[in-house]
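Residue-level structural notes
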Amino acid sequence: MTNAPRSRRVVVLASGAGSTMRAVLDAARDESYGARVVGVITDKDDAGALAIAHEHALPTAVVRLADFESRALWDQAIARTIATFDPDLVLLAGFMRLLGEPTLDRFGGRIINTHPALLPAYPGAHGVRDALAGGAKVTGCTVMLVDAGVDTGPIVAQAAIEVLDDDTEATLHERIKDVERGLVARTLGRMARDGWTVTGRSVRIGAAPSTIREEP
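Residues numbered from 1 in each chain as written. Predicted model: local features only at pLDDT ≥ 70, side-chain atom pairs only at ≥ 80, totals over all residues. Heavy atoms only, no water.

1. Description of the packing of helix H1 (residues 19–27) against helix H6 (residues 169–194)
- The geometry of H1 relative to H6 is characterised by a closest axis approach of 9 Å and an angle of 45 degrees between their N-to-C directions. It follows from the interaxial angle that H1 and H6 lie oblique. Like other packed secondary-structure pairs, H1 and H6 cross with a definite hand, here right-handed. Contacts between H1 and H6 pair Ser 19, Thr 20, Ala 23, Val 24 and Ala 27 from the former with Arg 181, Val 184, Ala 185 and Leu 188 from the latter. (Axes fitted to C-alpha atoms, helices over the stretch in contact; angles between N-to-C directions. Helix = DSSP H or I, 4+ residues; strand = E, 2+ residues; numbered from the N terminus. Parallel < 35°, antiparallel > 145°, perpendicular 65-115°, else oblique. Left-handed = near helix turned anticlockwise from the far one by under 90°. Contact = heavy atoms within 4.5 Å.)

Set out below in structure tokens:
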């Protein structure tokens, strides 16, 4: 008999090296973590996340935009592919494409993404560069729920990072990523174990939502 929380199914979407996904996989070695990765989807044949998935014997799928006649068809294919893994949560771990209406309609409210700035400040593709250009003394990283906008979803968790006088975009981004990986892993685990509710723009962890099911 175990008192560990039931494990929630997580599918990861990644485009790059997969370092954030690896942090989640490492955290999930603890049986009390509450979540387990059940599949990995990429939009690139050479994404490093695929190698990590294979190390952990995880099923994978590659859904390349170039293989579809239109973005709308790709959006539908991504939603179908996510659904094959029957996830409780969807984690975007360095996934470099916006998700379309089919995915948001089906999995909205349980898609998690990160951004290398303290939203709502410095949204978009160049959050680190923009923070430096803006003269910010403190920046950081944000875990959020995905909506139809760009970095506009309800904020789940944040961590602050001091901007040093000699920081470049590369050095600052590297320090943000070091913190971001741990923040994602901790936040995902808390959401899986304790549930969450969204009221307007406010996310509260600790009340199980209807979108999370109990597994036997």
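2. Section: the pairing of strand E1 (residues 8–14)
- The buried fraction of E1 amounts to 7 of the 7 residues, a majority that puts the element mostly inside the structure.
- Where burial is concerned, the two faces of E1 agree: the one with Arg 8, Val 10, Val 12 and Ala 14 and the one with Arg 9, Val 11 and Leu 13 are both buried.
- Bridge count for E1 against strand E2 (residues 35–42) is 7 bridges, and the pairing is parallel. When the bridges of E2 are listed, Arg 8 appears paired with Ala 35. (Buried < 20%, exposed > 50% of the residue type's maximum accessible area, 1.4 Å probe, protein only. Pairing = 2+ DSSP bridges.)

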